[in-house]
Amino acid sequence: MSGKLKIVRERMTSVRSTQQITSAMKMVSAAKLRRAQDAITQLRPYAVKLNQMLKNILSNVDGSVSNPYGTSREIKKALIVVVTSNRGLAGAFNTNVIKAAVHSIDTVYADVRKNGNLSILCIGKKGFDFFRKYYKDCTLIRDHVNLFQDLSFNNTSKVAISIMDAYAQGQYDAVDVAYGVFKNAATQYASRVSYLPVQIEKSQTKSRADYIFEPDQDTLLQQLVPNILQIQFQRFLLDTQASEHGARMTAMDKATENAEEMIKELRINYNKARQEAITKELSEIVGGAAALEG
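Predicted model, so just to flag it, every value in this text is computed and none were measured. (Residues numbered from 1 in each chain as written. Predicted model: local features only at pLDDT ≥ 70, side-chain atom pairs only at ≥ 80, totals over all residues. Heavy atoms only, no water.)

Caption draft 1: Looking closely at the overall build of the chain. For the chain, the helix and strand inventory stands at 6 helices and 5 strands. Helices and strands appear in the chain in the N-to-C order α-β-α-α-β-α-β-α-β-β-α. The C-alpha radius of gyration of the chain comes to 29 Å, more than 25% above the 19 Å expected for a compact globule of 294 residues. By its C-alpha atoms, the chain is 115 × 40 × 35 Å across when sized along the principal axes. For the chain, buried positions account for 41% of its 294 residues. Contacts in the chain between residues far apart in sequence, at least 24 positions, make up 79% of those at least 6 positions apart. On the chain, roughly 16600 Å² of surface is accessible, and the fraction owed to carbon and sulfur atoms is 51%. Computed over 39 positive and 29 negative side-chain charges, the separation of the two mean positions in the chain equals 4 Å. (Helix = DSSP H or I, 4+ residues; strand = E, 2+ residues; numbered from the N terminus. Rg over C-alpha atoms; globule rule 2.2 N^0.38 Å. Buried < 20%, exposed > 50% of the residue type's maximum accessible area, 1.4 Å probe, protein only. Contact = heavy atoms within 4.5 Å. Areas by Shrake-Rupley, 256 points an atom, 1.4 Å probe, with all protein chains shown as cover. Lys, Arg positive; Asp, Glu negative; His and termini not counted. Charge placed at Lys NZ, Arg CZ, Asp CG, Glu CD.)

Structure below.
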């Protein structure tokens, strides 16, 4: 019986140690979440308004205006940007982002992949590890796997510019981004959006907005479109970063609660085993005393 008590004690010690780790990780993620949440909540309204403005302007400009990022063409070559975290222990967060990318690959770009013209750019090690293992027939781009180490706009805009240049030069006919969308600390979800070409909204009415451009349309759009696309790309990264920390904080909180429940169950089992051992010892003592008296 002492052996059983020892096993239960060792399990309780192990679970307590794990609980301390999950509790510490929860606090670290909570601190990081505050900073990440501030960053995305400050950028998102600005990025959304700029994106709406861009689509509105492009839907009303003259057809002669040059816009290399809004020209749709037959999709023969495509790029999927998959934005995941570098570390796990974040619940189903990374899995959901990967699923969103895989769904797009297996449906929208199935023929492109079959022809060997699908490229996957992985930002974050979790996505890279998955696609390196299961999508060997695709061109895997690993140049920016560790981009999360520095999410300053100067750094992330370089990646966005390289993607935009590749699209403008005809290396890709479509660019999609799979990333995590941050709603609040407890809710995050995966999304897949079309990044290039810029989706121009068709007006439901025959009337057109009468914009006054200063300088001319070409000069303005050459500056405006790339800047807005860079900001959109920054939004994808900041959204994913906040989602990662929110998902990890939630997962570690749940793990800490589960550890506490497990400790309670182990303590009950330990007390039962201890009570059983004491009862057995008392029975042996009573039995021995009765034998001596007889």
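Caption draft 2: A nonpolar patch on the surface, seen in detail. A contiguous nonpolar patch, built from Ile278, Leu282 and Ile285 and spanning about 280 Å² of accessible area, is present on the exposed surface. Along the chain, the position of leucine 282 falls in helix α6 (residues 217–293). (Patch = residues over 30% accessible without salt bridge, like charges linked within 9 Å, V, L, I, M, F, W, Y side chains within 5 Å. Salt bridge = Lys/Arg side-chain N within 4 Å of Asp/Glu carboxyl O.)

Caption draft 3: View of the packing of helix α5 (residues 153–168) against α6. Where α5 meets α6, the closest approach of the two axes is 9 Å, and the angle between their N-to-C directions is 115°. α5 and α6 meet at a crossing whose hand is right-handed. Residue-level contacts link Phe153, Thr156, Ser157, Val159, Ala160, Ile161, Ile163 and Met164 of α5 to Pro226, Leu229, Gln230, Ile231, Phe233, Gln234 and Leu237 of α6. Tallied by class, the residues present in the contact of α5 with α6 amount to 11 nonpolar, 4 polar and no charged. (Axes fitted to C-alpha atoms, helices over the stretch in contact; angles between N-to-C directions. Left-handed = near helix turned anticlockwise from the far one by under 90°. Nonpolar A, V, L, I, M, F, W, Y, C, P; charged D, E, K, R; others polar.)

Caption draft 4: Quick look at the sheet that holds strand β2 (residues 118–123). Read across the open sheet, the 5 strands follow the order β3-β2-β1-β4-β5; overall the sheet is mixed. Each having just a single partner strand, β3 (139–141) and β5 (187–196) make up the two edges of the open sheet. Strand after strand, the sheet turns through a mean of 25° between neighbouring axes, direction not considered. Of the strand pairs in this sheet, strand β4 (residues 174–184) and β5 are connected by 9 bridges, and their pairing is antiparallel. Its bridge partner being in β5, phenylalanine 182 is matched across the sheet by glutamine 188. Seen against the sheet, helix α4 (residues 125–134) touches β1 (78–83), β2 and β3 and runs at an angle of roughly 150° to β2. Where α6 meets the sheet, it contacts β1, β2, β4 and β5, and its direction lies at approximately 45° from that of β4. (Pairing = 2+ DSSP bridges.)

Caption draft 5: Highlighting the pattern of salt bridges. For the structure shown, the criterion picks out 9 salt bridges. Put simply, aspartate 106 and arginine 113 hold a salt bridge, and the shortest N to O gap is 3.5 Å. Arginine 113 gets classed as partly exposed once you look at its relative accessible area, which sits at 21%. Between arginine 113 and aspartate 137 there is a salt bridge; the shortest N-O distance is 2.9 Å. A residue pair is termed long-range when its members are at least 10 positions apart, and arginine 113 in helix α3 (residues 110–114) and aspartate 137 in the loop between α4 and β3 qualify at 24 residues. A residue is classified by how much of its surface remains accessible, and aspartate 137, at 42% relative accessible area, is partly exposed. Among the ionic contacts, a cluster of salt bridges with common partners joins Arg44, Arg235 and Asp239.

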